[in-house]
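# Fold and contact review
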Amino acid sequence: MTSDPLNPAFHSRDPDVRRQAVHQMSLRPQGAPLTQILEALSDSDWRVRREAISLAAQSSEKDVLIDALLGRVVETDNIGLRNAAIEVLGMIAQGKVDKFEQAFNGVANGARKFLIEAMGKTRDPQMIGSLQSLIRGPDANAAAAVVEALVRIGGARSEAILKEQLSTRDLFLRVAIIEGMTRLGMQVSWCELEPAIEDAIVRRISAELLGRTGDPRALEFLLELAADASPQTSSAALRAIGELAEGSEDERDEIADRLGASNESFRHVVHEALLHGDTPTRRSAAYLAVLCRDESSLEAVIQAIADDVAAEPTVQALRAWGPGLVEPLLMLRRAEPRVWAIGLELAAELSARHAEEVPNSARDRVRSLIERDLTASTDIVRAAAAESLRWGGEARDCRALVECLDSSSHLVRAAATSALEALASRVPAAVEDALRCADLDGPGGADVAQVLSRLDSPAAVAVLKRGLQSGDPRTRRAVVQALAMADASDVAELIGYAIADEDIDVQIAAVRTLGQMSTTEANAP
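Rules of the game
Within every chain, residues take consecutive numbers counted from 1 along the sequence as written. The predicted nature of this model means local features are confined to residues of pLDDT at least 70 and side-chain atom pairs, given and counted, to a pLDDT of 80 or more, with totals for whole chains, interfaces and linings taken over all residues. Side-chain descriptors were evaluated using all non-hydrogen atoms of the structure, hydrogens and water having been removed beforehand. Secondary structure follows DSSP: runs of H or I at least 4 residues long count as helices, runs of E at least 2 residues long count as strands, and numbering of each begins at the N terminus. Atoms counted for the radius of gyration: C-alpha only. Globule rule: 2.2 Å times residue count to the power 0.38. Only protein chains enter the calculation, and the probe is 1.4 Å; a residue is then buried if its accessible area is under 20% of its type maximum, exposed if over 50%, and partly exposed in between. Between two residues, a contact is recorded if the distance between any of their heavy atoms is within 4.5 Å. Accessible surface area values rest on a Shrake-Rupley calculation with a 1.4 Å probe, where residue burial reflects the displayed protein chains alone. His is not counted here, nor are the chain ends, while Lys and Arg score as positive and Asp and Glu score as negative. To locate a charge, take NZ of a lysine, CZ of an arginine, CG of an aspartate or CD of a glutamate. To define a nonpolar core, start from buried Ala, Val, Leu, Ile, Met, Phe, Trp, Tyr and Cys residues and group those joined through side-chain atoms within 4.5 Å. Any carboxyl oxygen of Asp or Glu within 4 Å of a side-chain nitrogen of Lys or Arg constitutes a salt bridge here. A helix's residues, less one, multiplied by 1.5 Å, set its expected span. Pairs of N or O atoms within 3.5 Å make up the polar contacts considered here, provided that, within protein, one atom can donate a hydrogen while the other can accept it, and that residues adjacent in sequence are counted only when both atoms are side-chain atoms. Working definition: a ring pair exists when centres of Phe, Tyr or Trp rings (six-membered ring for Trp) sit within 6.5 Å. Plane angles under 30 degrees give stacked, over 60 give edge-to-face, the rest tilted. Each ring is checked for a lysine NZ or an arginine CZ that lies within 6 Å of its centre and within 35 degrees of its normal; such an atom marks a charge sitting over the ring. What goes into a patch is any residue over 30% in relative accessible area without a salt bridge, connected to like charges within 9 Å or, for nonpolar side chains (Val, Leu, Ile, Met, Phe, Trp, Tyr), within 5 Å. The directions considered for the arc are those from the helix axis to the C-beta atoms.

Quick look at the overall build of the protein now. Along the protein, the regular secondary structure elements total 35 helices and 0 strands. Computed over C-alpha atoms, the radius of gyration of the protein comes to 35 Å, more than 25% over the 24 Å expected from 2.2 N^0.38 for 525 residues, which places it beyond the range of a compact globule. Dimensions of the protein along its principal axes, counting C-alpha atoms only, are 95 × 65 × 45 Å. A total of 525 residues make up the protein; the buried ones form 50% of that total. Restricting to contacts in the protein with at least 6 residues of sequence separation, those with at least 24 account for 64%. Of the roughly 24700 Å² of accessible surface on the protein, a fraction of 48% belongs to carbon and sulfur atoms. Computed over 57 positive and 80 negative side-chain charges, the separation of the two mean positions in the protein equals 4 Å.

Let's shift gears to unusual backbone geometry. A positive phi angle is found at Arg 123, which is not glycine, with a value near 55 degrees. One non-glycine residue, Arg 293, lies in positive phi territory at about 55 degrees. Its place among the elements puts Arg 293 in the loop between helix 20 (279-291) and helix 21 (298-306). What makes Arg 293 partly exposed here is its relative accessible area of 35%.

Quick look at the nonpolar core now. Residues Leu 41, Leu 131, Leu 259, Phe 266, Leu 318 and Leu 435 are the most contacted members of the largest nonpolar core, which totals 181 residues. The element that contributes the greatest number of residues to this core is helix 10 (residues 140-153), accounting for 9 residues.

Under the definition given, this model contains 35 salt bridges. Two residues, Glu 349 and Arg 353, come together in a salt bridge whose shortest N-O distance is 2.9 Å. With Glu 349 and Arg 353 both in helix 24 (residues 337-353) and 4 residues apart, the pair spans about one turn of that helix. On the basis of relative accessible area, Glu 349 is assigned to the buried category, the value being 7%. Arg 353 gets classed as exposed once you look at its relative accessible area, which sits at 53%. Its salt-bridge partner being Asp 501, residue Arg 476 comes within 2.8 Å of it at the nearest N-O pair. Of this pair, Arg 476 sits in helix 32 (residues 473-482) while Asp 501 sits in the loop between helix 33 (489-498) and helix 34 (504-516); the two residues are 25 residues apart in sequence, bridging distant segments of the chain.

An α-helix turns once every 3.6 residues. As a result, residues three or four positions apart point the same way. Given a rise of 1.5 Å per residue, 17 residues ought to cover 24 Å, and the 24 Å separating the end C-alpha atoms of helix 24 matches this to within 8%. Buried within helix 24 are the following residues: Val 339, Trp 340, Ala 341, Gly 343, Leu 344, Leu 346, Ala 347, Ala 348, Glu 349, Leu 350 and Ser 351. Considering only its buried residues, helix 24 is in contact with helix 21, helix 22 (312-321), helix 23 (326-330), helix 25 (360-373) and helix 26 (379-388). Where helix 24 begins, the capping side chain belongs to Glu 336, and its oxygen is found 3.1 Å from the backbone nitrogen of Arg 338.

As enumerated under the stated definition, the model contains 1 aromatic pair in all. Judged by centre distance (5.5 Å) and plane angle (50 degrees), the rings of Trp 190 and Phe 221 are tilted. Of this pair, Trp 190 sits in helix 13 (residues 190-193) while Phe 221 sits in helix 16 (residues 219-226), placing them 31 residues apart in sequence. A cation sits over an aromatic face here: Arg 82 above Phe 114, 3.9 Å from the ring centre.

Mapped onto the elements, Arg 157 comes out in helix 11 (residues 156-164). Through-space distance from the C-alpha of Arg 157 to that of Pro 125 is 8.3 Å; in sequence the pair is 32 residues apart. Beyond its immediate sequence surroundings of up to four residues, Arg 157 is in contact with Pro 125, Ile 128 and Gly 129.

This part covers a negative patch on the surface. A contiguous patch of negative charge on the surface is contributed by Glu 403, Asp 406, Asp 439 and Asp 441. Relative to the assigned elements, Glu 403 resides in helix 27 (residues 395-404). On the basis of relative accessibility, which here comes to 60%, the residue Glu 403 falls in the exposed class.

Of note, Gln 126 is situated in the loop between helix 8 (109-122) and helix 9 (128-135). Along the backbone, Gln 126 and Ala 317 are 191 residues apart, and their C-alpha atoms lie at a distance of 48 Å. In this view, Gln 126 contacts Gly 95 and Val 97; residues no more than four positions away in its chain are not counted.

Take helix 31 (residues 458-467) next. Where helix 31 is concerned, the buried positions are Ala 460, Val 461, Val 463, Leu 464 and Gly 467. One side of helix 31 holds all its buried residues, which, seen down the axis, span an arc of 160 degrees.

Set out below in structure tokens:
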């Protein structure tokens, strides 16, 4: 019998040489014998053990290896070997619940948790039946290990077992179950959760579960947690309150009223979270600050929106604030441009939607600020002023927006186009009149064509025909696309000429537009 050529390297004093030897063993078609696998798993160097785990997972003698590893898990004092054995069992012991059950016979309580850990590592639902009996046993460490194993395996059966044990008198086990439920993202009803959180220690780790109950009765506990000295606990509570408020549609008004009546201490916590919290906490804090109607946090809320941190519910809550928000928004006119841009648009919208409730003086100030900011130094503010004119409708509004279409800023032109399209559905005559002398050769030629396409009138078609002579291919392409609204034979003929345009994109647009027009007109000579 010849000796293994890798044997000297396998027993080298250099751990990297041993690691490479184990790797070479894993490349052999026949694998490695059980004795070498177990020896490699018990190596003193973690790098060798890591390589040995991969080697063991490839073994063709799975049953024999599992029996050997189960013995090592409960008998060895070698922590490295035990941890490596648990990892390998997690990889190869699926469907072997009977072997685990046999391994529990005669095992001291202190070692049971290691077998349970290995069962959880398999993520095998077949293990759940055995784990269920162990969670009710006298060994507290084993019961906690069962919770961890059930969390790893997951699924409806695991969640049901955790719920059954939620009201256990063992505080240590209850804490483990709460943490496990939180990690699983479980939703537990208020009636199920309330008895389990009588203890203050448990309450401090229950914030996420409280937020998922959807029950307003959880709010008082969460408000208490929000005032906790621990930033981690306080932030978790704020996120949970936000989730509770967003998820409870039927009780949202009740929750909003309670938050609106909250004390200054809570509002201060929310404000600090808005300024210094992580992204999820800032998102919730922005929403809560609006529900609290906290004007002192308004700038920070708008900043969160500008940073793309605040979610849509926050914007909707700002709109629901109503006419009373207009004056505070106008106070933001000296804030940084992104904040003021959002504030101006929102103030214009609210003053238009609640015209009868907003004082004339406030509406006049909104109008004055819009006109002032149409010539602001920053694009984002000019764009916001242009967008805000969508709530107008006077001839001067339309003319001002058409002037914005000549801007060199794409942001400003896009905002003006959006506002004109909105006005075209309400005051088409005013928009049409303002566009009669629009410059189709300017930077906003294509935008002019886009707005004209919404008017569907002879005058609009006449302006569009001029655009076919534009020197900008982008404008010509937009004009051809806009003319699809007109099923007139002369228009079809003009679009037919565009098929011979020097720009390929204009040619493609012409072919597609002719396809959209009625067959009779498109085929006209």
